[in-house]
Amino acid sequence: MSQERTVIRGGLVITAADEVHADVLVEGERVVALAATGSPAAQAWDAERVIDATDCYVIPGGVDAHTHMELPFGGTAASDTFETGTRAAAFGGTTTIVDFAVQSVGHSLREGLDAWHAKAEGKCAIDYGFHMIMSDVTQGVLKEMDVLVEEGVTSFKLFMSYPGVFFSNDGDILRAMQRSANNGGLIMMHAENGIAIDVLVEQALAAGHTDPRYHGEVRRELLEAEATHRAIQLARVAGAPLYVVHVSAEQAVAEIAQARDLGLNVFGETCPQYLFLSTDNLAEPDFEGAKYVCSTPLRPKEHQAALWRGLRTNDLSVVSTDHCPFCFVGQKELGRGDFSKIPNGLPGVENRMDLLHQAVLDGHISRRRWIELACATPARMFGLYPRKGTIAPGADADVVIFDPRRRYTMSAATHHMNVDYSAYEGRQVTGQARTVLSRGAVVVDGGEYLGHAGHGTFVPRATSSYLL
């Protein structure tokens, strides 16, 4: 059976390694060749579909390695389904997500993973993988880790926060790290001292401090830094690599930088909300601050410089979204009168690629670093490279034609995420995905959705190829 051929002509191809004016030849679901624009080789290509990328960038589809579709939390659930969330991701130029399957206390990893497979299967617009959240580390669960690695679920998230829900103590964390040191899995850590935070929450509420701004004030920077330090030392004892999720505070970045200066396999991720938003948003009046409640929390603006510096020095290696949307009406409002009851999470899966391109224009990072942070490194970190995260012969044809000059205003009125507000409402950005291919199929073109639920498939992942 002949496979449909697509040629993308005239664009500037940008990968983490290179920028080159080249045409891209796609056959079926894969990239098969690149050739210099105008060269005899490129001119000889014929195809059923020709996409004109003149004056545009041709970039790998984004890899968002941290999303929470349909996540149950605090008596409600994230408002994006796998169908709506992956469609929004596609509009934003992201073509692969790695979501989190959840083990419930008293249940096996398998039960949690099966439940998430059932939620996602046949629903996704783009490809997806799973990490496994471990909430109950038992001997049986440790054995299951080996089985999941074999099945392509090669990363496991543990929480030092949320006592009574996801929390693991240091002993359980150490056991899971020791297991991952043997089976090649990667431990991801939510590093906040949840036991201490709960004391501060109780004291704040007792003092009548109930507004959303106090969510940020009780989740102290030092308690993120302390937990990050502790996680690093436990990983050293176990001889295991460590990936610290959603790093938000300057002091936590410093802990990661110190570990990396020692040559340790310690990696940090941050998210757009920590780069572009701050405690000023949490303090917005009339309960509007609830829209910005997430954990780790937004920090004072001064922390942003340290995060950008970490992204340039590679002490922070990945930008993911931690996309976990809850509607303001009816969900965030559960915390009126008690900030601790506000569901934790922000929408952002559609905004990441464009915000990071804006960061290029603002001089924070280079174009190639943009692709490295948003595509190549998350793919390498989580065992998807070189199938995902680059444009090269043999790679999946997850390709974005990105118009670097298109200006628009971010707004809930125009975004595709299933949530009633935008964390970036009114923000003007320059640069937007124009055409998005997922495994060779055009899923978005000129603001129109051409994909369908079920196009996206589960991608088993290898172990991390980013370790030192």
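See the structure above.
Only a predicted model underlies this, so the values are computations on that prediction, with no experimental measurement involved.

Trainee: What am I meant to see in the overall build of the protein chain here?
Mentor: Scanning the protein chain from N- to C-terminus turns up 14 helices and 19 strands. Computed over C-alpha atoms, the radius of gyration of the protein chain comes to 21 Å, within 12% of the 23 Å expected from 2.2 N^0.38 for 468 residues, which places it in the range of a compact globule. Overall, the protein chain is about 70 × 50 × 40 Å in size when its C-alpha atoms are taken along their principal axes. Relative to its 468 residues, the protein chain shows a buried fraction of 60%. Considering only contacts within the protein chain whose residues lie at least 6 apart along the sequence, 76% involve residues at least 24 apart.

Trainee: So what exactly am I meant to see when it comes to the packing of helix α3 (residues 109–120) against helix α4 (residues 139–150) here?
Mentor: A packed helix pair is summarised by two numbers, namely the angle formed by the two axes and the spacing between the axes. Relative orientation of the contacting elements α3 and α4 amounts to 45 degrees, with a least axis distance of 9 Å. It follows that α3 is oblique to α4 by the angle criterion. Residues Leu109, Arg110 and Leu113 of α3 form the contact with α4, whose participating residues are Val141, Glu144, Met145, Val147 and Leu148. For the contact of α3 with α4, the class distribution of residues is six nonpolar, no polar and two charged.

Trainee: Sorry if this is basic, but what is going on with the pattern of salt bridges here?
Mentor: Once their charged atoms are close, side chains differing in charge can pair, the charge on each being opposite to the other. The full count for this structure, using the stated rule, is 25 salt bridges. Lys388 is the partner of Asp127 in a salt bridge, and the nearest nitrogen-oxygen pair spans 2.7 Å. With a gap of 261 residues between them, Asp127 in strand β10 (residues 127–133) and Lys388 in the loop between α14 (367–381) and β16 (399–409) connect regions that are remote in the sequence. The pair formed by Asp127 and Lys388 is uniform in burial state, with each residue classed as buried. Across the pair Asp396 and Lys388 runs a salt bridge whose closest N-O atoms are separated by 2.8 Å. Accessibility assignment for this pair places Asp396 and Lys388 in one class, buried. A single network of salt bridges, built from pairs that share partners, joins Glu29, Arg30, Asp127, Arg387, Lys388, Asp396, Asp398 and Arg439.

Trainee: Looking at this model, I keep getting lost on the packing of aromatic side chains. Mind explaining?
Mentor: Here the distance between the centres and the angle between the planes together describe a pair of aromatic rings. Applying the stated criterion across every chain yields a total of 16 aromatic pairs. When the centroid spacing of 5.8 Å and the interplanar angle of 50 degrees are considered together, the rings of Phe159 and Tyr162 count as tilted. Given a relative accessible area of 3%, Phe159 falls into the buried group. The structure contains a cluster of three or more aromatic residues connected by ring pairs, namely Phe73, Phe159, Tyr162, Phe166 and Phe326. Its guanidinium or amino end placed over the ring of Tyr214, Arg213 lies 4.8 Å from that ring's centre, counting from NZ or CZ.

Trainee: Help me understand the pairing of strand β2 (residues 19–27), please; the structure alone is not making it clear to me.
Mentor: Across a regular strand the side chains alternate sides, sitting on one face of the sheet and then on the other. Sheet topology note: the strand β1 (residues 5–14)/β2 ladder contains eight bridges and is antiparallel. Directly across from Gly11, in β2, lies its bridge partner Ala22. Connecting β1 to the next strand, β2, in antiparallel fashion are four residues. Here six bridges tie β2 to strand β3 (residues 30–36), and the two strands are oriented antiparallel to one another. In the sheet register, Leu25 faces β3, and the bridge partner there is Ala33.

Trainee: Would you explain the state of the cysteines in this entry?
Mentor: Two cysteines, two sulfur atoms, one covalent bond between them: this is a disulfide. Enumeration over the complete set of coordinates arrives at zero disulfides. A disulfide-free cysteine, Cys124 has its sulfur positioned 16 Å from the sulfur of Cys324, the nearest such atom. Residue Cys294 stays outside any disulfide, its sulfur separated by 7.9 Å from that of Cys271, the closest cysteine.

Trainee: What exactly am I supposed to notice about the sheet that holds strand β12 (residues 186–190) here?
Mentor: Strand order across the open sheet formed by eight strands is β6-β9-β10-β11-β12-β13-β14-β15, with parallel pairing between neighbours. The open sheet is flanked by β6 (62–67) and β15 (318–319), the only strands paired with a single partner. Relative to β15, strand β14 (residues 266–270) is paired through two bridges, and the arrangement is parallel. Each bridged residue has a counterpart across the sheet, and for Glu269 the counterpart in β15 is Val318. Strands β13 (242–244) and β14 of the sheet are contacted by helix α9 (residues 250–261), whose axis makes an angle of about 150 degrees with β14.

Trainee: Sorry if this is basic, but what is going on with the pairing of strand β17 (residues 428–438) here?
Mentor: Counting buried positions over the 11 residues of β17 gives nine, a clear majority of the element. The sheet contact formed by β16 and β17 spans eight bridges and is antiparallel. Bridged to Arg407 within β17 is Thr430. One ladder, built from four bridges, connects β17 with strand β18 (residues 441–445); its direction is antiparallel. The partner of Val436 across the bridge, within β18, is Val444.

Trainee: Looking at this structure, I do not really get the nonpolar core. What am I missing?
Mentor: In globular proteins that are soluble, nonpolar side chains generally tend to be buried together. Counting residues in hydrophobic clusters, the biggest one holds 133 residues, and the most contacted among them are Met177, Met189, Leu242 and Trp370. Once you skip the residues sitting within four places of it in the chain, Met189 turns out to touch Leu158, Phe159, Met160, Ile173, Met177, Ala231, Leu242, Tyr243, Val244 and Val245. Counting 16 residues, the second-largest nonpolar core is a separate cluster that includes Val24, Val31, Ile51 and Ala397.

Trainee: Help me out: how do you make sense of helix α12 (residues 303–313) in this one?
Mentor: An α-helical segment advances 3.6 residues per turn. Residues three or four places apart therefore align on the same side. For α12, the full list of buried residues reads His303, Gln304, Ala306, Leu307, Trp308, Gly310 and Leu311. Asn314 lies just past α12 and shows a positive phi near 70 degrees.

Trainee: Looking at this model, I keep getting lost on the side chain of Glu144. Mind explaining?
Mentor: Counting through the fold element by element, Glu144 comes out in helix α4. For the buried Glu144, no salt bridge is present, and the opposite-charge side chain at shortest range is Arg110, 5.2 Å distant. Residues within four places of Glu144 in sequence aside, it is in contact with Ser108, Leu109 and Arg110.

Trainee: Teacher, can you tell me more about helix α2 (residues 82–91) here?
Mentor: Across the 10 residues that make up α2, a large majority, eight, are buried. Inspection of α2 places Phe82, Thr84, Gly85, Thr86, Ala88, Ala89, Ala90 and Phe91 among the buried residues, and these make up the whole buried set. Packing partners of the buried residues in α2 comprise β9 (94–102), α3, β10, β17, β18 and β19 (448–449).

Trainee: Looking at this model, I keep getting lost on unusual backbone geometry. Mind explaining?
Mentor: Where the residue is not glycine, phi is negative for most of them; where a peptide bond is considered, it is trans in most cases. With omega at 0 degrees, the peptide bond leading from Ser295 into Thr296 counts as cis. Residue Pro386 is bonded to the preceding Tyr385 through a cis peptide linkage, with omega at 5 degrees. In this fold, Pro386 is placed in the loop between α14 and β16. Phi at Asp286 is positive, roughly 60 degrees, even though this residue is not glycine.

Cut-offs used in this document
- Residues numbered from 1 in each chain as written.
- Predicted model: local features only at pLDDT ≥ 70, side-chain atom pairs only at ≥ 80, totals over all residues.
- Heavy atoms only, no water.
- Helix = DSSP H or I, 4+ residues; strand = E, 2+ residues; numbered from the N terminus.
- Rg over C-alpha atoms; globule rule 2.2 N^0.38 Å.
- Buried < 20%, exposed > 50% of the residue type's maximum accessible area, 1.4 Å probe, protein only.
- Contact = heavy atoms within 4.5 Å.
- Axes fitted to C-alpha atoms, helices over the stretch in contact; angles between N-to-C directions.
- Parallel < 35°, antiparallel > 145°, perpendicular 65-115°, else oblique.
- Nonpolar A, V, L, I, M, F, W, Y, C, P; charged D, E, K, R; others polar.
- Salt bridge = Lys/Arg side-chain N within 4 Å of Asp/Glu carboxyl O.
- Phe/Tyr/Trp six-rings, centres within 6.5 Å; stacked < 30°, edge-to-face > 60°.
- Lys NZ or Arg CZ within 6 Å of the ring centre and 35° of its normal.
- Pairing = 2+ DSSP bridges.
- Disulfide = S-S within 2.5 Å.
- Core = buried A, V, L, I, M, F, W, Y, C linked by side-chain atoms within 4.5 Å.
- Lys, Arg positive; Asp, Glu negative; His and termini not counted.

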